[in-house]
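Observations on chain architecture
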Amino acid sequence: MSRAPLSAVVTTKDNAATLDACLASLAFCDEIVVLDSNSSDATREIALGHGARVFVEDFKGYGPQKQSAIDKAAHDWVLLLDADEFLLPAAQSAIEHELAAPRADAYRLPRQEWLFWRWPHSGTRANRQLRLFRRSLARMNDVPVHAAPESSGRVRELAAPFRHYGEAELAVRVEKINRYSSGLAGFKRVRGIGLFGWRLWLYPSFVFLRFYVGKRYVLNGWAGYLAARTQAFYAFLKYAKVLEAMHTDVRVSREAGGRKRSERQGEDEA
């Protein structure tokens, strides 16, 4: 069955531990493009071993880096994965079949998350992400940390599952949450947040229930509970840091105003 040619695109930075599985799952693609951010481990050697076209650029931010990698693809159809993700066997046949007669311009694929020490129960609902698309109709958005492709064409869901290794230790997960929430706080302030107080108060609890009950993390025992709780903590930190920044701005403004008044009083006395 003939299909549209497909470019796999992966960005990397010291991903030797997971890259082999990622690229092995992309072997059916017509090319693999790897854009590396000056890795110090065997990342580039592993990529070359899989026949990838390897480029090296300084890290420009999550969205710009991925967009730069996408722009290097030779084909219009792109399959975008992170270096700690890999396609499941069922995904290859689903993608091959769909690209033989595409019904859309972009597809959301179900991503299964590693939950600290286990893969999710089969009844756990996957997170669907847009990863297969025509690059002529798609661009990375400007959301920091969680930048994702957005398509101006038709979008459908496709049963082509892939997995994300994620963090194997709670301490690593919490460190990442702290770093990512700081990256999003400024973005949220610029965009504006409606009903801010209610969001800070209620949204973390809503996120916990959405994951633990709605996405059925409850089926994964303590691993599912910890995963849902850390998601709720992430939601809390994003808004808590916005609140902290707002109060910091008020304090700095008051201090600046006080200095100006003191300077004016000094001039008047002189």
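Above this note sits the structure.
Residues numbered from 1 in each chain as written. Predicted model: local features only at pLDDT ≥ 70, side-chain atom pairs only at ≥ 80, totals over all residues. Heavy atoms only, no water.

Side note on helix H4 (residues 89–100)
Restricting attention to buried positions, one finds in H4 the residues Ala91, Ala94, Ile95, Glu98 and Leu99. Down the axis of H4, the buried set is contained in an arc of 120 degrees. They therefore lie on one face. Exposed and facing more than 90 degrees away from the buried side of H4 are Pro89 and His97. (Buried < 20%, exposed > 50% of the residue type's maximum accessible area, 1.4 Å probe, protein only. Helix = DSSP H or I, 4+ residues; strand = E, 2+ residues; numbered from the N terminus. Arc of directions from axis to C-beta.)

A word on the nonpolar core
Formed by 31 residues in total, the largest nonpolar core has its most connected members in Leu26, Leu79 and Ile95. Tallying contributions element by element places H4 first for this core, with four residues. Once residues within four sequence positions are removed from consideration, leucine 79 is found in contact with Leu6, Ser7, Ala8, Val9, Leu26, Phe28, Cys29, Leu87, Ile95, Leu109, Arg131 and Leu132. Counting 14 residues, the second largest nonpolar core, distinct from the first, contains Val9, Leu80, Met140 and Ala147. (Core = buried A, V, L, I, M, F, W, Y, C linked by side-chain atoms within 4.5 Å. Contact = heavy atoms within 4.5 Å.)

So, unusual backbone geometry
Its identity as a non-glycine residue notwithstanding, aspartate 14 has a phi of 55 degrees, on the positive side. Relative to the assigned elements, aspartate 14 resides in the loop between strand E1 (6–12) and helix H1 (16–24). Phi is positive for asparagine 38, which is not a glycine, with a value near 60 degrees. By the element assignment, asparagine 38 lies in the loop between strand E2 (31–36) and helix H2 (43–49). Taking the relative accessible area as the measure of exposure, asparagine 38 reaches 37% and is therefore partly exposed.

Quick word on the packing of aromatic side chains
Scanning the entire structure with this criterion turns up 15 aromatic pairs. Relative to tyrosine 212, the ring of phenylalanine 208 has its centre 5.2 Å away and its plane inclined at 15 degrees; by these criteria the two rings are stacked. Here tyrosine 212 and phenylalanine 208 lie together in helix H6 (residues 196–214), a separation of four residues that amounts to about one turn. Taking relative accessible area as the criterion, phenylalanine 208 reaches 10% and is therefore assigned buried. Taken together, Phe86, Trp114, Trp119 and Tyr165 form an aromatic cluster joined through their ring pairs. Taking NZ or CZ as reference, lysine 72 lies 5.7 Å from the ring centre of phenylalanine 55, over its face. The positively charged end of arginine 229 is found above the aromatic ring belonging to phenylalanine 208, 4.0 Å away from the centroid. (Phe/Tyr/Trp six-rings, centres within 6.5 Å; stacked < 30°, edge-to-face > 60°. Lys NZ or Arg CZ within 6 Å of the ring centre and 35° of its normal.)

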